[in-house]
Amino acid sequence: MDDLTFLNQIEEISGEKISTCYQCYKCTAGCPVATEMDIYPHRIIRHIVLGDREKVLKSKTIWTCLMCITCSVRCPNDIDIAHVFDTLRKVAVMEHMEAETDTWRFDKLFLDSVAKHGRLHEIETILKYKLEKKDLFSDTKMGIGMFLKGRMGVFPHNIKDRKQLRKIFKKIDSK
Amino acid sequence: MITLTYYPGCSLKTSSKFYETSIKNTFSFFGIELTELNDWSCCGASAATTIDEKLAYALTGRNLAIAEDVGYHLFAPCSACYNRSKVTNEKIKKDRVLRDEINETIYPLKCLGTIKVKNIIEVLHDHVGIERVVKKIAYDLSSIKVAPYYGCVLTRITKMDAFDDKENPTSMDSLLWALGTELVSWPYKMECCGASKTLTNKDVTFRLSNIIMEKAQSVGADAIVTPCPLCQMNLDLLPYLGRTDKNLPVLFLSEVFELALFGRIGGMSSHIIGVDGVVKKVKKK
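As the structure is a prediction and not an experimental result, all values here were calculated from the model.

**Quick notes on the state of the cysteines**
Residues and elements named next belong to chain B. For the structure on display, the rule yields zero disulfides over all chains. Distance from the sulfur of C43, which forms no disulfide, to the nearest cysteine sulfur (C81) is 3.9 Å. When its relative accessible area of 4% is taken as the criterion, C43 is described as buried. Free of any disulfide, C78 has its nearest cysteine sulfur in C81, 3.8 Å distant.

**Points about the interface of chain A and chain B**
Counting residues at the interface gives 59 residues for chain A, matched by 60 residues for chain B. Carbon and sulfur atoms supply 61% of the area buried between chain A and chain B, which totals about 5200 Å² over both sides. Scanning the region where chain A abuts chain B turns up five salt bridges. At the junction of chain A with chain B, the criterion picks out 27 residue pairs in polar contact (both at pLDDT 80 or more). Taken together, the elements giving at least two residues each to the side of chain A that touches chain B come down to α5 (61-64), α6 (70-74), α7 (81-94), α8 (102-117), α9 (122-133), α10 (140-148) and α11 (162-174) of chain A. Sorting elements by how many residues they give to the side of chain A that touches chain B places α8 of chain A first, with nine residues. The class makeup of the residues in the side of chain A that touches chain B is 24 nonpolar, 12 polar and 23 charged.

**What about the sheet that holds strand β4 (residues 117-118) of chain B?**
Residue and element names in this part refer to chain B. Spatially, β2-β1-β3-β4 is the arrangement adopted by the four strands of the open sheet, whose pairing is parallel. Either end of the sheet is taken by a strand with one partner, and the two such strands are β2 (32-36) and β4. Note that strand β3 (residues 74-75) and β4 share two bridges and pair parallel. Paired with F75 across the strands is K118, a residue of β4. Contacting β1 (2-6), β2 and β3, helix α1 (residues 17-29) crosses the sheet at an angle of about 140° to β2.

**Let's talk about unusual backbone geometry**
With an omega dihedral of 10°, the bond running from Y107 of chain B to P108 of chain B counts as a cis peptide bond. On the secondary structure map, P108 of chain B appears in the loop between α5 (96-106) and β4. Residues other than glycine seldom take positive phi values, yet K134 of chain A does so here, at roughly 55°. With a phi close to 45°, A45 of chain B is a non-glycine residue in the positive phi region. Structurally, A45 of chain B can be placed in helix α2 (residues 45-51).

**Remarks on the pattern of salt bridges**
By the definition in use, this model includes 27 salt bridges over all chains. In this structure, E36 of chain A and R207 of chain B form a salt bridge, with 2.7 Å as the shortest nitrogen-oxygen distance. Placement of E36 of chain A in the loop between α2 (26-30) and α3 (41-50) and of R207 of chain B in helix α9 (residues 202-218) is noted, with the two residues assigned to different chains. Take E36 of chain A: its relative accessible area is 26%, and that puts it in the partly exposed class. Salt-bridge contacts for E167 of chain B lead to R156 of chain B; the nearest nitrogen and oxygen are separated by 3.6 Å. Here R156 of chain B lies in the loop between β6 (145-148) and α8 (171-178) and E167 of chain B lies in the loop between β6 and α8, a separation of 11 residues in the sequence. Look at R156 of chain B and you get buried, because its relative accessible area is 2%. Beyond isolated ion pairs, a larger network of salt bridges with shared partners links K13, K17, E20, K24 and E36 of chain B.

**Section: the confidence of the model for chain B**
Summing up the model confidence of chain B, the mean pLDDT is 96 and the portion of residues at 70 or higher is 100%. The complex prediction reports pTM at 0.96, with the ipTM value standing at 0.94.

**Let's talk about the environment of F262 of chain B**
All names here are of chain B. Within the secondary structure, F262 sits in helix α12 (residues 253-262). The spacing of F262 and Y19 is 243 residues in sequence and 16 Å in space, taken between C-alpha atoms. Residues contacting F262, with those up to four places away along its chain left out, are N25, F29 and Y139.

**Describing the packing of aromatic side chains**
The full count for this structure, using the stated rule, is 14 aromatic pairs over all chains. On the numbers, 5.1 Å between centres and 85° between planes, the contact of F29 of chain B with F30 of chain B is edge-to-face. Using a relative accessible area of 4% as the deciding quantity, one classes F30 of chain B as buried. One aromatic cluster in this structure is built from F29, F30, F257 and F262 of chain B. A cation over a ring is seen here: R119 of chain A above W40 of chain B, with NZ or CZ 3.5 Å from the ring centre. It is K284 of chain B that lies over the ring of Y139 of chain B; its NZ or CZ is 4.6 Å from the centre.

Parameters at a glance
- Residues numbered from 1 in each chain as written.
- Chains lettered and ligands numbered in written order.
- Predicted model: local features only at pLDDT ≥ 70, side-chain atom pairs only at ≥ 80, totals over all residues.
- Heavy atoms only, no water.
- Disulfide = S-S within 2.5 Å.
- Buried < 20%, exposed > 50% of the residue type's maximum accessible area, 1.4 Å probe, protein only.
- Contact = heavy atoms within 4.5 Å.
- Buried area = accessible area lost by both parts, 1.4 Å probe.
- Salt bridge = Lys/Arg side-chain N within 4 Å of Asp/Glu carboxyl O.
- Polar contact = N/O pair within 3.5 Å; in protein donor to acceptor, adjacent residues only side chain to side chain.
- Helix = DSSP H or I, 4+ residues; strand = E, 2+ residues; numbered from the N terminus.
- Nonpolar A, V, L, I, M, F, W, Y, C, P; charged D, E, K, R; others polar.
- Pairing = 2+ DSSP bridges.
- Axes fitted to C-alpha atoms, helices over the stretch in contact; angles between N-to-C directions.
- pLDDT = per-residue confidence, 0-100.
- Phe/Tyr/Trp six-rings, centres within 6.5 Å; stacked < 30°, edge-to-face > 60°.
- Lys NZ or Arg CZ within 6 Å of the ring centre and 35° of its normal.

What follows is the structure, encoded as C-alpha cells:
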C-alpha cells in the first residue's frame with residue numbers, strides 16, 4: 001500500500017498517463033472477460049494510482065486479459081489499458097509475483113520457436129508446452145482433427161537468415 | 001493491375017493454408033499481383049509485446065525493412081500481423097528515437113516507414129472497389145445469409161486512425177453486400193473469440209466463441225464470415241472445444257468471393273465445420 005513509486009514506474013515503462021483516469025468504468029463495462037477477473041480493470045488502474053503494488057501485480061486479472069483492446073479504444077482519456085496490462089505482466093514476472101504462469105510460459109515458448117526457426121513451429125511449441133505442463137493428452141482429439149484437416153504441419157518453417165534473427169534476439173537481451 | 005508485397009504470417013502457411021489459396025484465387029481474378037515477402041519472419045504476435053516491447057518492434061521492423069526495399073505496399077491478411085505491422089510502421093514513421101533504436105537492432109536492414117500496410121478488406125474495398133465486384137459476380141448468393149464478423153484487433157488500433165470505424169466497421173459489410181449475400185444485423189461483429197487462450201485457458205475461448213456462434217444462429221445466419229485466421233480457427237474448433245449443438249460454417253471473406261466468382265470454395269475440405277450446406281445454396285446467375 002502507498003507505494004508511490006509504483007505509479008511512476010508503470011507510467012514510465014508503459015508510456016501511458018494512468019493518472020488521468022477518472023474511473024468512468026467504461027473499460028470494465030466492455031471487457032469480455034470481466035466476469036473471470038478478480039479485480040475489475042478500472043479498479044486495477046485505481047490501485048496503480050494508489051500504489052497498491054502487490055495487489056495489482058499478484059492479481060489474476062492481468063493474466064485473464066485477452067488483449068482484444070476494447071478497453072483501450074473506448075477509454076475517454078486515451079489510456080491504452082491493454083498496453084498497461086502488458087506492462088503489468090512484465091513487471092509481475094520481473095518481481096516474481098505472477099498469479100498465473102501458463103500464458104507467460106506459452107508466450108516464452110512461442111518466442112523460443114521464433115528465435116530458433118524465424119517462424120512459429122506450432123507442433124513443437126504445443127508439445128513443449130504440454131510437456132512442461134505434464135499434460136500431454138488433454139487436447140489430442142483436437143490436435144488429430146487439425147492434423148487430418150491439413151491445419152497442422154509436422155515440419156518447422158526455417159527462414160534463411162536465422163543468423164541475423166538470432167542477433168536481433170541477442171541485442172534485445174543484452175539491453 | 002497492382003502489385004503488393006504479401007506478408008502471409010505463420011497462420012497462412014499452416015493452420016489457414018486454405019485462406020491463402022482463396023486469397024490468391026480472388027486476387028488473381030481481379031488482377032492483383034502478390035509477391036511474397038522475401039525471407040519473412042514471425043511478427044511476434046501478442047507474445048513479443050508482453051515479453052519485451054522492443055523485441056516486438058524489432059521483429060516487425062525486420063519485415064517492414066525488407067518490404068520497403070522492394071517498394072510495394074505490404075498486404076497482411078492476418079489481423080494480428082496487420083495490427084502489429086501497421087502500428088510499428090506508423091511509429092517508425094513518426095518516432096525518430098524509436099526508429100533509430102529499431103534500425104540499430106535490425107542492422108544491416110533499415111526501415112523508414114515509407115510504405116503502407118494493408119489488410120484484405122482495404123485491398124478489396126479500395127483497390128478493386130464495390131462497383132467492379134458487383135460487375136464481376138457470376139453466381140447468385142442471395143439465398144445465403146451471412147453474419148459479418150470482424151474480430152477484435154483488425155480495426156482496434158490505438159492512438160492512430162484505423163481504416164474503418166473502430167467500434168462499428170462496415171467495409172466488409174459493403175463487400176458482402178456487393179457479392180450478393182444477405183446480411184444479418186447483429187451486435188457481435190467485434191466481440192473477441194478468446195484469441196490466443198485456446199491452449200492456455202480453453203474454457204475462456206470456448207465460452208466466448210460459443211456466444212458468437214449462438215448469436216449468429218439466433219439471428220438466422222447461414223454462415224459467419226471473417227477476415228481473421230485466429231477467429232476462423234477458434235470458431236471452427238468449437239466442436240472440439242466442447243460444443244455439442246449444431247454449428248454454422250465459418251468462412252473467410254475471400255471464400256465468399258470464390259463462391260460469387262467461381263461457384264465453389266477451393267479449400268472446402270480444410271474446414272472442420274462442414275461448408276457444403278452453404279455451397280449448395282449457390283446458384284448460377
